[in-house]
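Report on the structure
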Amino acid sequence: MVSPEVLRRYPIFAGLEANHLNTLAVLTDEVVYETDETVFEVGRPADRLFVLVDGCVELHYIVADEINPELRKEFFISEINPGEFFGISVLFEPHVYEGTVRARCPSRVLRIDGRKLREICELDLKVYAVMLRELGKALLSRLQDTRVQLVAARG
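Residues numbered from 1 in each chain as written. Predicted model: local features only at pLDDT ≥ 70, side-chain atom pairs only at ≥ 80, totals over all residues. Heavy atoms only, no water.

On to the side chain of E58, then. One can find E58 in strand 4 (residues 57-64). Once you skip the residues sitting within four places of it in the chain, E58 turns out to touch F76, S78, E79, T100, V101, R102 and R104. (Helix = DSSP H or I, 4+ residues; strand = E, 2+ residues; numbered from the N terminus. Contact = heavy atoms within 4.5 Å.)

One turn of the α-helix equals 3.6 residues, which is why residues spaced by three or four share an orientation. Within helix 2 (residues 18-26), the full set of buried residues consists of H20, L21, L24 and A25. Down the axis of helix 2, the buried set is contained in an arc of 135 degrees. They therefore lie on one face. Turning to helix 2, the residues buried within the fold contact helix 1 (4-8), strand 1 (28-33), helix 3 (114-123) and helix 4 (125-154). (Buried < 20%, exposed > 50% of the residue type's maximum accessible area, 1.4 Å probe, protein only. Arc of directions from axis to C-beta.)

When a protein is soluble and globular, its nonpolar side chains tend to lie buried together. Among the nonpolar cores identified, the biggest contains 44 residues, and I12, F13, F86, L117 and M131 are the most heavily contacted of them. Apart from residues lying up to four places away in sequence, L117 is in contact with L24, L27, L49, V90, L91, I112 and M131. (Core = buried A, V, L, I, M, F, W, Y, C linked by side-chain atoms within 4.5 Å.)

Our next topic: the sheet that holds strand 4. Strands sit in the order 2-7-4-5 across an open sheet of four strands; the sheet is antiparallel. Looking at which strands have only one partner, the edges of the open sheet turn out to be strand 2 (38-40) and strand 5 (72-80). Looking at each pair of strands side by side, their axes are set apart by 30 degrees on average, direction ignored. The pairing of strand 4 with strand 7 (residues 100-103) spans four bridges and is antiparallel. Considered in strand 7, the bridge of V57 is made with A103. (Pairing = 2+ DSSP bridges. Axes fitted to C-alpha atoms, helices over the stretch in contact; angles between N-to-C directions.)

Picture the strands of a sheet paired through backbone hydrogen bonds; they go either parallel or antiparallel. Taken in spatial order, the four strands of this open sheet run 1-8-3-6, and their pairing is antiparallel. Each edge of the sheet is formed by a strand with only one pairing partner; in this case those strands are strand 1 and strand 6 (85-86).

Taken together, the side chains of Y61, V63 and F75 make up a nonpolar region of the molecular surface, amounting to roughly 260 Å² of accessible area. Topologically, Y61 is positioned in strand 4. (Patch = residues over 30% accessible without salt bridge, like charges linked within 9 Å, V, L, I, M, F, W, Y side chains within 5 Å. Areas by Shrake-Rupley, 256 points an atom, 1.4 Å probe, with all protein chains shown as cover. Salt bridge = Lys/Arg side-chain N within 4 Å of Asp/Glu carboxyl O.)

By the definition in use, this model includes 12 salt bridges. Measuring nitrogen to oxygen at the nearest pair gives 3.2 Å for the salt bridge that ties R8 to E5. On the criterion of helical spacing, the pair formed by R8 and E5 is a turn pair, its members being three residues apart in helix 1. For E5, a relative accessible area of 45% puts it in the partly exposed group. Note that K126 is salt-bridged to E17, the shortest N-O span being 3.0 Å. In this pair, K126 is assigned in helix 4 and E17 in the loop between helix 1 and helix 2, connecting sequence segments 109 residues apart. On the accessibility criterion, K126 (35% relative accessible area) is partly exposed. One salt-bridge network, held together by shared partners, links E30, D54 and R108.

Here strand 2 pairs with strand 7 via two bridges, running antiparallel. Bridging from a neighbouring strand, T38 pairs with R102 of strand 7.

With that out of the way, let us pick up the packing of helix 3 against helix 4. Two elements in contact, helix 3 and helix 4, have axes separated by 5 Å at closest approach and are oriented at 115 degrees. Compared by their axis directions, helix 3 and helix 4 come out roughly perpendicular. Contact with helix 3, carried on its side by L117, I120, C121 and L123, involves L125, V127, Y128 and M131 of helix 4 and no other residues of that element. A per-class count over the contact of helix 3 with helix 4 returns eight nonpolar, no polar and no charged. (Parallel < 35°, antiparallel > 145°, perpendicular 65-115°, else oblique. Nonpolar A, V, L, I, M, F, W, Y, C, P; charged D, E, K, R; others polar.)

What follows is the structure, given as structure tokens:
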């Protein structure tokens, strides 16, 4: 568990009331990932939402051949900055991570239990609406990062 005041610092929780922050704080712990440690991998069940406190993590997209999954290629999409969140598949069906996130340096993150977070969102639509607004902003930003990567690859 972390302090609700810790959660209040991050944009994804902006707009939530004290009772919401108290509830989410119980679901949240703080962990450290070492350099090159994988936070989560593409295709795994999305069971946590993460907020980067400090350090540096990178989002990668992995393309694998359908017939021979051993044939795979990894593409760097973007760096996630302190204060940003990742693992957003936790709130979208089928609740499977769509990318791989790896620590590029020692990184401290907040980790929120995904199943319980979904339960809270189902019971309290304000929590869901506030988080979806921030998730939408993040998705559009990451889409733009991907577009830049595609343009650079073609140029």
